[in-house]
Amino acid sequence: MGKKIKSLSRIEGLIYISPWLIGFLALQLYPFLASLYYSFTDYAMVGTPNWVGLENFITIFKKDREIWHSLKITLIYVAIAVPLKLAFALFIAMLLNLRVKGIGIFRTVYYLPSILGGSVAIAVLWRFLFSGNGTINTMLSWFGIKPVGWLSNPRIALFTLSLLAVWQFGSSMVVFLSALKNVPAELYESARVDGAGSVRCFWSVTIPLITPTILFNLVMQLVSAFQEFTGAFVITNGGPMKSTYLYILKVYDEAFKYYKMRYACALSWILFVIMITVTLVIFKSSNLWVFYNDGGGAR
């Protein structure tokens, strides 16, 4: 009787998680494995794929110069967007950690950009704000400053695009806020007794104790930045002069513009390997700068 009850419980459990399970298998696992298979074929979205081995990867590394340009642009984007986003998120988290009246309302308001930030509508708004006759240049003209080609100048277009990622700081901010609340107040009191000021407390108490959270946010935001698409596609479409031609735009063009699905799959797996490598390097180096309450980590 007990075995029957356990069996029924397992069946009920599978029924309850079946929507997620079906979604995972059909929308995540299958595309993941299918893309790996297609990267070794001549699949072009129509017809039957034929096995060609490493031909797609050889073509990418030997003949496609555009991939190196898009990869360079992506690395620069990641190097700009991720540190700025984390620094800004931590700054806002520290402000929202203060004990002031109505702080709950402020926390909700500051989280809203994360809910809306990744949408096409916000990307269109961003393009309007930073266009030649947009709101930003209009405000600058009030102070006698000439219009800036935020999206038309190849030298600063990528930085302008990075600001959209920084504006979507809400998720990182919430995680930082949670970490800040777990820092023992006694440590700040002890530091102040020893003569430490606010800046010293920040670098010697706050930062070391939230390094695990910094590690988590760093990895999550790196993965997100490497896959950035909406902003680059809607705001600049890779321009001007392909100065914002991110890697994912290259993948998109190969798949849906040139109908080289095999090639796009191979490019996707190269990006996957790059992200895994960067993540492993970060985790490996974390022993040098991440501190844990149990005494592990940096030494």
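Everything quoted here is computed from the prediction, not taken from an experiment.

Participant: Describe the overall build of the protein chain, and please don't skip the residues or the numbers.
Facilitator: Counting its secondary structure elements, the protein chain contains 14 helices and zero strands. Along the protein chain, helices and strands appear, N-terminal first, in the series α-α-α-α-α-α-α-α-α-α-α-α-α-α. Dimensions along the principal axes, computed over C-alpha positions, put the protein chain at roughly 80 × 75 × 40 Å. For the protein chain, the residues scored as buried account for 39% of the 299 residues in total. Carbon and sulfur atoms form 68% of the exposed surface of the protein chain, whose accessible area is close to 18300 Å². Positive and negative charge centroids in the protein chain, built from 25 and 12 side chains respectively, lie 2 Å apart.

Participant: Go over the nonpolar core with me, naming the residues and quoting the values.
Facilitator: Judged by nonpolar contacts, the single largest core of 73 residues is most densely connected at Tyr77, Phe176, Ile210 and Tyr247. By residue number, the principal contributor to this core is helix α3 (residues 66–96), which donates 13 residues. Ignoring any residue separated from it by four or fewer positions in sequence, one finds phenylalanine 176 in contact with Leu86, Ala89, Leu90, Ala93, Ile210, Thr213, Ile214 and Asn217.

Participant: Summarise the pattern of salt bridges; cite the residues concerned and give the values.
Facilitator: Considering all chains together, one arrives at four salt bridges under this definition. With a closest N to O distance of 2.9 Å, aspartate 64 and lysine 250 form a salt bridge. Residue aspartate 64 is located in the loop between α2 (55–63) and α3, and its partner lysine 250 is located in helix α13 (residues 247–257); the two are separated by 186 residues in the primary sequence. Note on accessibility: aspartate 64 and lysine 250 belong to one class, buried. Residue glutamate 66 pairs with lysine 242 through a salt bridge whose shortest N-O separation is 2.2 Å. Residue glutamate 66 is found in helix α3, and its partner lysine 242 is found in the loop between α12 (230–236) and α13; the two are separated by 176 residues along the sequence.

Participant: Pulling in residues and values, what's your account of the packing of aromatic side chains?
Facilitator: Inspection of every chain in the model, using the stated rule, returns 19 aromatic pairs. Pairing phenylalanine 88 with phenylalanine 169 gives two aromatic rings, centres 5.0 Å apart and planes at 90 degrees, and the pair type is edge-to-face. In this pair, phenylalanine 88 sits in helix α3 while phenylalanine 169 sits in the loop between α7 (157–167) and α8 (170–181), placing the two residues 81 residues apart along the sequence. Here tyrosine 252 and phenylalanine 256 contribute two aromatic rings whose centre-to-centre distance is 5.4 Å and whose plane-to-plane angle is 45 degrees, an arrangement assigned as tilted. Taken as a pair, tyrosine 252 and phenylalanine 256 lie in helix α13 at a separation of four residues, close to a single helical turn.

Participant: Tell me about the packing of helix α11 (residues 211–226) against helix α14 (residues 261–289), and name the residues and values.
Facilitator: Running from N to C, α11 and α14 point in directions that differ by 165 degrees, and their axes come no closer than 11 Å. The angle between α11 and α14 falls in the class roughly antiparallel. The handedness of the crossing between α11 and α14 is right-handed. Residues Thr211, Ile214, Leu215, Leu218, Val219, Leu222, Val223 and Phe226 of α11 form the contact with α14, whose participating residues are Leu271, Ile274, Met275, Val278, Thr279, Ile282, Phe283, Ser286 and Trp289. Taken together, the residues that form the contact of α11 with α14 break down as 14 nonpolar, three polar and no charged.

Reading the values: rules and limits
- Residues numbered from 1 in each chain as written.
- Predicted model: local features only at pLDDT ≥ 70, side-chain atom pairs only at ≥ 80, totals over all residues.
- Heavy atoms only, no water.
- Helix = DSSP H or I, 4+ residues; strand = E, 2+ residues; numbered from the N terminus.
- Buried < 20%, exposed > 50% of the residue type's maximum accessible area, 1.4 Å probe, protein only.
- Areas by Shrake-Rupley, 256 points an atom, 1.4 Å probe, with all protein chains shown as cover.
- Lys, Arg positive; Asp, Glu negative; His and termini not counted.
- Charge placed at Lys NZ, Arg CZ, Asp CG, Glu CD.
- Core = buried A, V, L, I, M, F, W, Y, C linked by side-chain atoms within 4.5 Å.
- Contact = heavy atoms within 4.5 Å.
- Salt bridge = Lys/Arg side-chain N within 4 Å of Asp/Glu carboxyl O.
- Phe/Tyr/Trp six-rings, centres within 6.5 Å; stacked < 30°, edge-to-face > 60°.
- Axes fitted to C-alpha atoms, helices over the stretch in contact; angles between N-to-C directions.
- Parallel < 35°, antiparallel > 145°, perpendicular 65-115°, else oblique.
- Left-handed = near helix turned anticlockwise from the far one by under 90°.
- Nonpolar A, V, L, I, M, F, W, Y, C, P; charged D, E, K, R; others polar.

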